[in-house]
There are 2 protein chains.
Amino acid sequence: MKQDLEIRELINRLTRLDAATAWGGDLNPTQRAVLDYLGRANRFSRSPSHVAEYLGSTRGTVSQSFKSLVQKGYVTERRSKLDKRAISFELTETGNAVASAQNPLTIALADYPEGEKDNLLASLRGVLGAMLSQNKSRPFGICSSCMHHETTSNGGYCRLLSKPLLPFETHQICYEHETT
Amino acid sequence: MKQDLEIRELINRLTRLDAATAWGGDLNPTQRAVLDYLGRANRFSRSPSHVAEYLGSTRGTVSQSFKSLVQKGYVTERRSKLDKRAISFELTETGNAVASAQNPLTIALADYPEGEKDNLLASLRGVLGAMLSQNKSRPFGICSSCMHHETTSNGGYCRLLSKPLLPFETHQICYEHETT
DNA sequence: CACTATTAGTATCGAGTCGAAACTATTGCA
DNA sequence: TGCAATAGTTTCGACTCGATACTAATAGTG
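The text that follows walks through the structure, step by step, so that each part is easy to find. (Residues numbered from 1 in each chain as written. Chains lettered and ligands numbered in written order. Predicted model: local features only at pLDDT ≥ 70, side-chain atom pairs only at ≥ 80, totals over all residues. Heavy atoms only, no water.)

1. Some words on the relation of the copies chain B and chain A
Inference 1: Mapping chain B onto chain A calls for a rotation angle of 180° and an axial translation of 0.0 Å; the resulting RMSD is 0.0 Å. The transformation just described matches what one would write down for a two-fold rotation axis.
Inference 2: A share of 100% of the interface residues of chain B reappears at the interface of chain A, consistent with the copies meeting face to face through the same patch. (Least-squares fit on C-alpha atoms with pLDDT ≥ 70 in both. Contact = heavy atoms within 4.5 Å.)

Printed below as a string of structure tokens:
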């Protein structure tokens, strides 16, 4: 019980300190989070709705964030031909640079023993899993671990969307992900 | 490297999901964080400046947060006699209830094996330590682990501030904390 | 095929955060 | 005595947040 409070405190504080220094540029923590997500999500998972669900936010808020990200040149809009309502956003070169940049938290992690990192990663995944099942939101897992994924000679194939995947795409996160 | 990005992602996402549901009442995540801090800090560490440093924020922002927390009745102001500039805030009964309430993250942690929790706690403390030394901010540790602390028959004593401490106070966090 | 329900995204509102900078009152120091 | 440092507040503009009301496109049903 007392442990739980301290763990929550630590997780929140780490994010807060990470965000505080992240304010620096012309981006705020939310905009940065959107960029980070876009850098890891596949091409079927880059709409305002998807981002909103991933971040536990709303379409309205995310729509605003995209507006200023487009204006600042971190992201470009791509409208779908099939469904004229749908929009998919893509990182520009600048956007990509920001998404993969170092920050206080990753610097702190850099000189941390590998074994400890694996443990930490596993624990955090577990906690996140418990939280997600609590409010039954999607896991946003990686393609290659999905029940609809098929490994092929030249990458992968998604049985759900009936689309072939390039090798690097099989390591991206997907809105439709379902654990086996 | 890739691990580091995922760890950051997980930590940020946990906070975000935790915060998202925390919006519910008439409190936002920042106000809640202030309340949580106040619930764990000792009487020498409850000023706007202290909170600002703990949260990696600024005095200006925290001042605003306190304004609305006072207005909503979660916190009361106490001016110091010795230094007429200084203010210390205290949780009201309602404030205390909120600070120790359950939330999505603690619920997720509840049915998590004890041993794993200890490991997670230790890892997170380590990462936080690395981050704090990076931007040389204070550790905000617990009194009993401080180099100025002395255990007495009826609680403790702070050699730095020359003040006796009640037993429960030796487990609170302090702005002045220094590791041995 | 038409009509309605659902879905995707946007606009607007009010409260609040954020850093930055300017400001007031008090205390400390020389 | 006088100036510097400190504690806290206020204001500014950009932005987040949930809520709500909105438009346009697609899906489902009769």
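2. Here we look at the protein's contact with DNA strand D
Inference 1: The environment of DNA strand D is formed by 25 residues, the closest being A:N28, B:S49, B:R59, B:S63 and B:R85.
Inference 2: Backbone atoms, meaning sugar and phosphate, make up 74% of the atoms of DNA strand D lying within 4 Å of the protein.
Inference 3: For DNA strand D, a sugar or linking oxygen lies 3.3 Å from a polar atom in the side chain of A:T30.
Inference 4: Between DNA strand D and B:R85 there is a distance of 2.5 Å, counted from a base oxygen to a side-chain nitrogen or oxygen.
Inference 5: At the level of secondary structure, the elements contributing two or more residues to the surface near DNA strand D comprise α2 (29-40) and α4 (59-71) of chain A together with α3 (48-55) and α4 (59-71) of chain B.
Inference 6: Element by element, the count of residues in the surface near DNA strand D is highest for α4(B), at five residues. (Near = heavy atom within 4 Å. Polar contact = N/O pair within 3.5 Å; in protein donor to acceptor, adjacent residues only side chain to side chain. Helix = DSSP H or I, 4+ residues; strand = E, 2+ residues; numbered from the N terminus.)

3. Considerations on the pairing of strand β2 (residues 87-91) of chain A
Side-chain direction in a regular strand flips from residue to residue, so the side chains alternate between the two faces of the sheet.
Residues and elements named next belong to chain A.
Inference 1: In terms of residue burial, β2 counts as a mostly covered element, since four of its five residues are buried.
Inference 2: As paired strands, strand β1 (residues 75-79) and β2 are joined by five bridges and run antiparallel to one another. Residue pairing for β2: R78 is matched across the bridge by S88. (Buried < 20%, exposed > 50% of the residue type's maximum accessible area, 1.4 Å probe, protein only. Pairing = 2+ DSSP bridges.)

4. Focus: the interface of chain B and chain A
Inference 1: The interface of chain B with chain A comprises 57 residues on the first partner and 57 residues on the second.
Inference 2: Of the roughly 6100 Å² buried at the junction of chain B and chain A (both faces included), carbon and sulfur atoms supply 62%.
Inference 3: Counting the surface chain B buries against chain A, the share from its top three residues, B:R8, B:R13 and B:R16, is 12%.
Inference 4: Counting every contact that joins chain B to chain A gives eight salt bridges.
Inference 5: Taken together, the links from chain B to chain A amount to 21 residue pairs in polar contact (both at pLDDT 80 or more). (Buried area = accessible area lost by both parts, 1.4 Å probe. Salt bridge = Lys/Arg side-chain N within 4 Å of Asp/Glu carboxyl O.)

5. Focus on the sheet that holds strand β3 (residues 149-152) of chain A
Residues and elements named next belong to chain A.
Inference 1: Ordered by their spatial adjacency, three strands build an open sheet running β3-β4-β5, and the pairing between neighbours is antiparallel. A single partner strand is all that each edge strand has here, and the edge strands are β3 and β5 (163-165). Strand-to-strand, the axes of this sheet are offset by a mean angle of 30°, without reference to chain direction.
Inference 2: In this sheet, β5 lies alongside strand β4 (residues 155-158) in antiparallel orientation, the contact comprising three bridges. The residue of β5 that forms the bridge with C158 is K163. (Axes fitted to C-alpha atoms, helices over the stretch in contact; angles between N-to-C directions.)

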